[in-house]
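Coordinate inspection notes
Single-letter residue listing:
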Amino acid sequence: MTTITLRPDQPFDLDRTLSCGQAFRWEKVEGWWQGIVDGRAIRIRQDERHLTFSGVDTGFVRDYFRLDQDLPAILSSIDRDPVIAAAIRECRGLRLARQQPWECLVSYICATNTNIPAVKRRVALMAERFGRPVDGPFGTAYTFPEPEVLASVSRADLRDCRLGYRTDYVSSTAAFATEHPDWAERIAALTFEDARQALMEFRGVGPKAADCVLLFAFGFFEAFPVDVWIHRIMAETYLPDLTGKSCTPRDYERIRRFARDHFGEYAGYAQEYLYCVRDRAGQKRGGR
DNA sequence: TTCCAGGTGTAAA
DNA sequence: TTTACACATGGA
């Protein structure tokens, strides 16, 4: 068990960071967050300025939660209007975690046209059934299965993880990643737009999933994923002439260009802060 | 029962 | 090039 003291000038809110829906393998149990990251079972909690954890070392925690990233500077750079200002006030301390590319890619393929609890369930099932068991601070946990494992699993067994029509997408993506083990390094070396195009060559990965993976795994902070919630918020506040509930490819392009111009190079942080307050920002719909 | 959820692929217009 | 529709799943 390790305890570190956070710098007073660098806000961090563990609860918001882990409950905002960016990562799918964390669960809060009796005051402790339990998760599996990069093959390690982690237990962590926050008490004011103190972070207490086991399962990993301090360097891992600092790296995963990007504790060395200057959050106040980022937040002041995106703080361009009253709507984002309110989100920043409410969620200050939310940080973008550094996810593993492979797990992140598969997770967001599993996140299309569905909801967060269902995604968590799918990812958990894949790990329990095909991952490697590891002993951790909270009993036996399961790593997220490597590409070659998912590639070798039968479609029927994958489908049993409640993947539905996404089964073939995950399967073919796993086959590609198995054949090209350096896929992530190659994407990381590209420019933002090129990396985006490269990710969209995976079956089941469109603009939204690509932007999520770029933002949450590859550290492209200009990525601005547009899901139904973000589309709704943009239509209701920033781009009122956006009509219709569906987000056409043209709408998507327009929104992400606007966001990049309006919020700047850390537009992805703005996206996550807006997403975090989605139930309040989208007044159009009743509580949710 | 119907609608909705961190959308995407495909065929038709 | 844009539009329309199907798609598995589960909670509200």
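Residues numbered from 1 in each chain as written. Chains lettered and ligands numbered in written order. Predicted model: local features only at pLDDT ≥ 70, side-chain atom pairs only at ≥ 80, totals over all residues. Heavy atoms only, no water.

Turning next to unusual backbone geometry. Despite not being glycine, Glu 30 has its phi angle at roughly 50 degrees, a positive value. Relative to the helices and strands, Glu 30 is located in the loop between strand E2 (26-29) and strand E3 (32-37). Even without glycine at this site, Arg 66 takes up a positive phi of about 50 degrees. Structurally, Arg 66 is set in the loop between helix H2 (58-64) and helix H3 (71-78). (Helix = DSSP H or I, 4+ residues; strand = E, 2+ residues; numbered from the N terminus.)

When two helices pack together, their arrangement is given by the angle between the helix axes and the distance between those axes. Look at helix H14 (residues 249-263) against helix H15 (residues 267-276): their axes get within 9 Å of each other, and the N-to-C directions meet at 105 degrees. Compared by their axis directions, H14 and H15 come out roughly perpendicular. Residues Ala 259, Arg 260 and Phe 263 of H14 touch H15, and the partners they reach there are Ala 267, Ala 270 and Leu 274. Looking at the contact of H14 with H15, its residues break down into five nonpolar, no polar and one charged. (Axes fitted to C-alpha atoms, helices over the stretch in contact; angles between N-to-C directions. Parallel < 35°, antiparallel > 145°, perpendicular 65-115°, else oblique. Contact = heavy atoms within 4.5 Å. Nonpolar A, V, L, I, M, F, W, Y, C, P; charged D, E, K, R; others polar.)

Core analysis: the largest hydrophobic core is formed by 77 residues, its most contacted members being Ile 84, Trp 183, Leu 199, Phe 263 and Tyr 273. Of the domains in this structure, domain 2 (70-94 + 219-283) and domain 3 (101-215) are the two that each give at least three residues to this core. One finds Leu 51, Val 56, Phe 60 and Ala 97 within the second-largest nonpolar core, a separate group that totals 20 residues. (Core = buried A, V, L, I, M, F, W, Y, C linked by side-chain atoms within 4.5 Å. Buried < 20%, exposed > 50% of the residue type's maximum accessible area, 1.4 Å probe, protein only. Domains from an automatic or database assignment.)

This next bit is on the domain arrangement of chain A. Domain boundaries assigned for chain A yield domain 1 (2-69), domain 2 (70-94 + 219-283) and domain 3 (101-215). Each of domain 2 and domain 3 has a C-alpha centre, and these two points are 25 Å apart. For the pairing of domain 2 and domain 3, the buried interface totals around 1100 Å² over both sides, and the portion due to carbon and sulfur atoms is 64%. The largest share of the area that domain 2 buries against domain 3 comes from Phe 220, Pro 225 and Arg 256, three residues that together contribute 46% of it. (Buried area = accessible area lost by both parts, 1.4 Å probe.)

As recorded in UniProt, the sites labelled "domain: HhH-GPD" (unreviewed entry) are residues 110-279. End-to-end, the C-alpha atoms of residues 110-279 are 22 Å apart, and along that stretch the chain is 62% helix and 5% strand. (UniProt positions renumbered as here; feature names shortened; annotations may be inferred.)

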